[in-house]
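Residue-level structure breakdown
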Amino acid sequence: MLNAMFGLQFAVSAGRCTRGAFMQLVRVSEEMKEQLKFDYILVVDTEGLRALELSGRSTRHQDNEMATFVVGLGNLTLINVFGESPSELQDILQIVVQAFMRMKKVKLNPSCMFVHQNVSDITAGEKNMEGRRRLQETLDEMTKLAAKDEVCDAECFSDVITFDIQKDIKYFGQLWEGSPPMAPPNPSYCENIQELKATFFGHASKSDGLELTHLKDRIKDLWKALLNERFVFSFRNSLEIATYRKLETEYSKWSWSLRSAMLEIENKLYNNIENETIDEVSESDLQGKLKVKSQEVEKSMSIFFETDKDKDILIQWKASFHIKIQDLQENIVRETKRKLNEILQQRDMKKKIDAQKTRHENTLLEKSKELAIKLKDKANDETILKKEFDSFWEECVRKIKTETPPIKNIHVLRDMEQLLCNYESFPVNNWKMSKDILSVKSYSDYVQLKKCSESAPNAKKAFRSAQLKFGCIEVENQIRTLVNDIAQQAHTMIMSYNIAKMGYNKTYIQELADYIKARIVEYGQGSRKYVFTKEFYMDLVISICKREHKLITDQHRKFREANDPVFYFEKKSKEYYSIFQKYCQGATTAAIFAEIICQKLKEPIQKSVYKDTAGDFTNEIKTNCESLNGNRSKLEKHILKTLAEQEDFDKYLTYFNNPKDHLKSFIRDEVNQYITDQFRVRVRPKMKENIKLLQQKIMAAAHRATTLVSTTSGDVQKWLDHFTLQLSDVLIFSVKDLSGVSHDGVDDFNLLEDVISKELGSISSEIQHKFSKETFPENLEHKDRPDEILIDHLCQCCWVQCPFCAATCTNTVENHTEDHSVPFHRVDGLTGCCYEGTECLSADFCTTLVRTGKMFYTGQWIPCREYRKAGNVYAEWNIIVCRFQKNLEEYFEKTFHRWDDISYGWSQYSKEQAIESLDDYI
């Protein structure tokens, strides 16, 4: 085509044509100089993009660079497309558009024309008009996406690259009439060339041209801009980014669907284990129970990848996300099996405690029955009955307390102090002077350089000096990452002890300390130039124990309340008095046995209702809570909004130094706020609905048991066996809970059923009366709380931090294969990073550094532009630094370099504008 237009002899072949870019000057004739304003036309011919012969090999970077370079170099670019659809070039054009938006220093005024060759019926005007319309829509859409990322006002493709949809699209017929080499040329092809040439000269006549001596500088400036913007080509265009975010959001829904389904399975199996109806949990069994939901997710994924409007872009991630979902399913199956098998082991250990408690209960029942028989003639005198029962009850509890010593209070911090003094030989008062290592601003006091470890002051000074080099903050980040990870794993260990069920043991602190020491030793075996002081280990143990102290104490309190004779039987006094009254009033054996059953059911009913309500609202919060219902980038946006609104410097420090802790805290606040806001209109009604549903299940089980024994001439034991079996996956309630309770003479099963129904109504009313915003989360086990379930789900994501500013990757998928990215990088000074040899905090953004010739230090100096932190969605969240300049300078005991020069532009934006700007990104 170029050869025909300008009489050139560029090499022509099937496929890629030329390699690289070739250019030739074409002299403008004297008669044309009057129309054109220049002497020469520079014709550049490039290799083909997306070449067929390179199918299967990645040419993305090369194609993007080549397209951007030639479009930027020329005044007019001819885009030669084989056929009618330019879809293969659309993503390349978007890269071009986005690059031009970023290359603000390169004065460019590009324009382009599309030439569709080998179009069979170029007379189909209506068809071509539709094709033009679709192309215009596509080009404008990708321009808007790019403009959104680059905070640019461009609304359509022609705002960036001059383009007229009516004039700048040409349709060419085939070059040959028939099959070459014997076929003659197509006359219409020459006509098309002439028409194209006329349009080209029309564009050229409006250009002032370029001095030949300036061409070299033009190429140099353009190439420099390309090198500085190289990361644009390293990731993908903004349409792909938007599509990937959409995929992340869908992945979050799919993964939550699997997790919530497994939680339901886990809850049922947990009840079965506690009721001793199962003794083993296998992976194959769990996979079988999850199969239906797994198939639903698989179908949903297939529909999404096959029907979404961006399916052609999504196809590149289809296989990897199918693998991720399979891996997730395998992981949650393994984790559920582990938890349930731990419960099985704990159940066997807990049997002794439960057997002892049951024996005491049955003894109390029998003795209260004996006392009731003695006082039968005084059944109507409430005063005497209450006085006699209280005296009897006090004596029984005193005897039980003598036989079974009460569970004592625990002293976690004292146990830790003894451990450090006895086993680690730390001075007895040292631990009281320890720092909270989880929140210190620098670890320089905890390290010694290996080469001068004997001279601690000099070592500390050397390390401090090393910190001043830009980028050596990486060492601080490495240590902080180690500390945070140890703290997270220590928390997981404590939760695995299940203290609320098994009680506290001093050996837990020993195991915790041993784990911390092992991690520190393992870390020190690496090829690092520093070692930790002894104080590092001591302060880390103390800080973690102080941090987990409340959790351990609260869990042990729950264990004590459930198992300590004094706590347990003081709580049961009212229930036993009610049964005692019934004995005195001459109630039948069936009626009293029914009341005992209901008293035993009371606590399991409350636990089940609370758990079911929590489960329902976990799903609702995940769906309806704006900050928690999307991908990780959306969650990050809401975190930044909240930080900006609250203006709490301490929370910013937690966000910078312990992002995972801050995320957990944010989720807890969001969940608590949602429950508070929705308590009257959604939470309480849902609880009433669940308790009514549970009542119906219990009464249905009782009725079926009654029908069974009536038709098979069964006894009360058969009734009880059938009744409890039907409830085994609904409640933690089994035959063993009634072992030893006398049910001799119970033969009126209809009466049994009627009394249970009546008593259940009273129990339901009592539970509803006690149900409040305070008791709802408090009466849930830790693992069943909505905030903890969502933390477990939402924290299963990427936590890799930017090596410059420590911003956390916002990819929803943990261990993702795509490049790490973050929509909101920040000033490096927020991590305490300084310029070499100064006390000046850095005021650079990652997005700025990768375009400069600055260097960063990681043992050697490396140009910032050579470090690729992939991802092209960045935001200057500089309002944070501007607002807390003084706080940061005091915290790090340093100052910001040239603050007056850099702060003027930042101060022009209000907090409201900064918060509003976040909505433009996600």
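Below is a short write-up of the structure. (Residues numbered from 1 in each chain as written. Predicted model: local features only at pLDDT ≥ 70, side-chain atom pairs only at ≥ 80, totals over all residues. Heavy atoms only, no water.)

Some thoughts on the pattern of salt bridges
Enumeration according to the criterion identifies 32 salt bridges in this entry. Asp661 is the salt-bridge partner of Arg547, the closest N and O atoms lying 2.5 Å from each other. Taken as a pair, Arg547 in helix α18 (residues 534-563) and Asp661 in helix α23 (residues 659-712) lie far apart in primary sequence, 114 residues in all. Taking relative accessible area as the criterion, Arg547 reaches 36% and is therefore assigned partly exposed. With relative accessibility at 18%, the residue Asp661 sits in the buried group. The partner of Glu788 in a salt bridge is Arg668, and the shortest N-O contact between them spans 3.1 Å. Of this pair, Glu788 sits in helix α27 (residues 786-794) while Arg668 sits in helix α23, and the two are 120 residues apart along the sequence. Through salt bridges with shared partners, a single network forms among Glu141, Lys246, Asp308, Lys309 and Asp310. (Salt bridge = Lys/Arg side-chain N within 4 Å of Asp/Glu carboxyl O. Helix = DSSP H or I, 4+ residues; strand = E, 2+ residues; numbered from the N terminus. Buried < 20%, exposed > 50% of the residue type's maximum accessible area, 1.4 Å probe, protein only.)

Side note on helix α21 (residues 632-646)
An α-helix turns once per 3.6 residues; consequently, residues spaced three or four apart project the same way. For α21, which comprises 15 residues, the first-to-last C-alpha distance of 21 Å matches the rise-based estimate of 21 Å (1.5 Å per residue) to within 8%. The element α21 is extensively covered by neighbouring structure, given that 12 of its 15 residues are classed as buried. Of all the positions in α21, only Arg632, Ser633, Lys634, Leu635, Glu636, Lys637, His638, Ile639, Leu640, Lys641, Leu643 and Ala644 are classed as buried. Residue Asn631 occupies the N-cap position of α21, its side-chain oxygen lying 3.3 Å from the main-chain nitrogen of Ser633. Count one or two residues on from α21 and you reach Glu647, which has phi positive near 50 degrees. (Expected span 1.5 Å × (residues − 1). Polar contact = N/O pair within 3.5 Å; in protein donor to acceptor, adjacent residues only side chain to side chain.)

A closer look at the environment of Tyr568
Mapped onto the elements, Tyr568 comes out in helix α19 (residues 565-584). The spatial distance from the C-alpha of Tyr568 to the C-alpha of Val397 is 9.9 Å, given a sequence separation of 171 residues. In this view, Tyr568 contacts Lys357, Glu361, Glu561 and Ala562; residues no more than four positions away in its chain are not counted. (Contact = heavy atoms within 4.5 Å.)

Describing unusual backbone geometry
Located in the positive-phi region is Glu647, a residue other than glycine, with phi close to 50 degrees. For Glu647, the location among the structural elements is in the loop between α21 and α22 (649-657). In this structure Glu647 comes out as partly exposed when scored by relative accessible area, which is 28%. For Ser713, which is not a glycine, the phi torsion comes out positive at approximately 55 degrees. Inspection of the secondary structure puts Ser713 in the loop between α23 and α24 (716-726). For Ser713, a relative accessible area of 70% gives the class exposed.

Examining the side chain of Asn484
Tracing the backbone shows Asn484 in helix α15 (residues 473-496). A relative accessible area of 17% places Asn484 in the buried class. Reaching out from Asn484, the side chain makes a polar contact with the side chain of Asn658 at a distance of 3.0 Å. Each residue touching Asn484, except ones within four places of it in the same chain, is listed here: Asn657 and Asn658.

Looking at the environment of Tyr674
When you line up the elements, Tyr674 lands in helix α23. Using a relative accessible area of 12% as the deciding quantity, one classes Tyr674 as buried. Residues Tyr674 and Cys625, spaced 49 residues apart in sequence, show a C-alpha to C-alpha distance of 7.4 Å.

Some points on the packing of α22 against α23
Two numbers describe how α22 lies on α23: the axes approach to 5 Å, and their chain directions differ by 125 degrees. Viewed along their axes, α22 and α23 adopt a mutual orientation that is oblique. Contacts from Lys651, Thr654, Tyr655, Phe656 and Asn657 of α22 reach α23 at Pro659, Asp661 and His662. Among the residues making up the contact of α22 with α23, the classes are represented as three nonpolar, three polar and two charged. (Axes fitted to C-alpha atoms, helices over the stretch in contact; angles between N-to-C directions. Parallel < 35°, antiparallel > 145°, perpendicular 65-115°, else oblique. Nonpolar A, V, L, I, M, F, W, Y, C, P; charged D, E, K, R; others polar.)

Section: the nonpolar core
Counting 91 residues, the largest nonpolar core has Ile597, Leu628, Trp719 and Phe723 as the members making the most contacts within it. Element by element, the count of residues in this core is highest for α23, at 17 residues. If we skip the residues at most four places from it in the chain, Phe723 touches Ile597, Leu601, Ile698, Ala701, Ala702, Ala705 and Phe733. (Core = buried A, V, L, I, M, F, W, Y, C linked by side-chain atoms within 4.5 Å.)

Points about helix α10 (residues 283-307)
Taking 1.5 Å of rise per residue, the 25 residues of α10 would be expected to cover 36 Å, and the 34 Å separating its terminal C-alpha atoms lies within 8% of that figure. By the largest-angle criterion, Lys291 marks the main kink of α10, which is about 50 degrees. Turning to α10, its buried residues are Leu286, Leu290, Ser294, Val297, Met301, Phe304 and Phe305. (Bend = angle between axes of the 7 residues up to and from the residue.)

With respect to a nonpolar patch on the surface
Where nonpolar side chains cluster on the molecular surface, the patch consists of Met23, Leu25, Tyr40, Leu42 and Leu212 and spans about 440 Å² of accessible area. Looking at the nonpolar patch, the elements with two or more residues in it are β1 (21-27) and β2 (40-46). For Leu212, the position within the fold is in helix α7 (residues 212-228). Accessibility expressed as a relative area gives 56% for Leu212, which makes it exposed. (Patch = residues over 30% accessible without salt bridge, like charges linked within 9 Å, V, L, I, M, F, W, Y side chains within 5 Å. Areas by Shrake-Rupley, 256 points an atom, 1.4 Å probe, with all protein chains shown as cover.)

Side note on the packing of α23 against helix α25 (residues 749-770)
Helix-helix packing: each pair is described by the crossing angle between the helix axes and the interaxial distance. Between α23 and α25, the least distance of the axes is 10 Å, while the angle of their chain directions is 170 degrees. In terms of orientation, α23 lies roughly antiparallel with respect to α25. Here Arg684, Met687, Lys688, Ile691, Gln695, Ile698, Met699, Ala702, His703, Thr706 and Val709 of α23 come into contact with α25, specifically with Phe749, Asn750, Glu753, Ile756, Ser757, Leu760, Gly761, Ser764, Ile767 and Gln768. Residues that form the contact of α23 with α25 fall into these classes: 10 nonpolar, eight polar and three charged.

Points about the pairing of strand β4 (residues 111-117)
Counting buried residues along β4, seven of its seven residues qualify, which places the element largely inside the surrounding structure. Going residue by residue along β4, you find Ser111, Met113, Val115 and Gln117 tucked away on one face and Cys112, Phe114 and His116 tucked away on the opposite face as well. Both β4 and strand β5 (residues 169-171) contribute to a ladder of three bridges, which runs parallel. Within β5, the residue paired with Val115 across the bridge is Lys170. (Pairing = 2+ DSSP bridges.)

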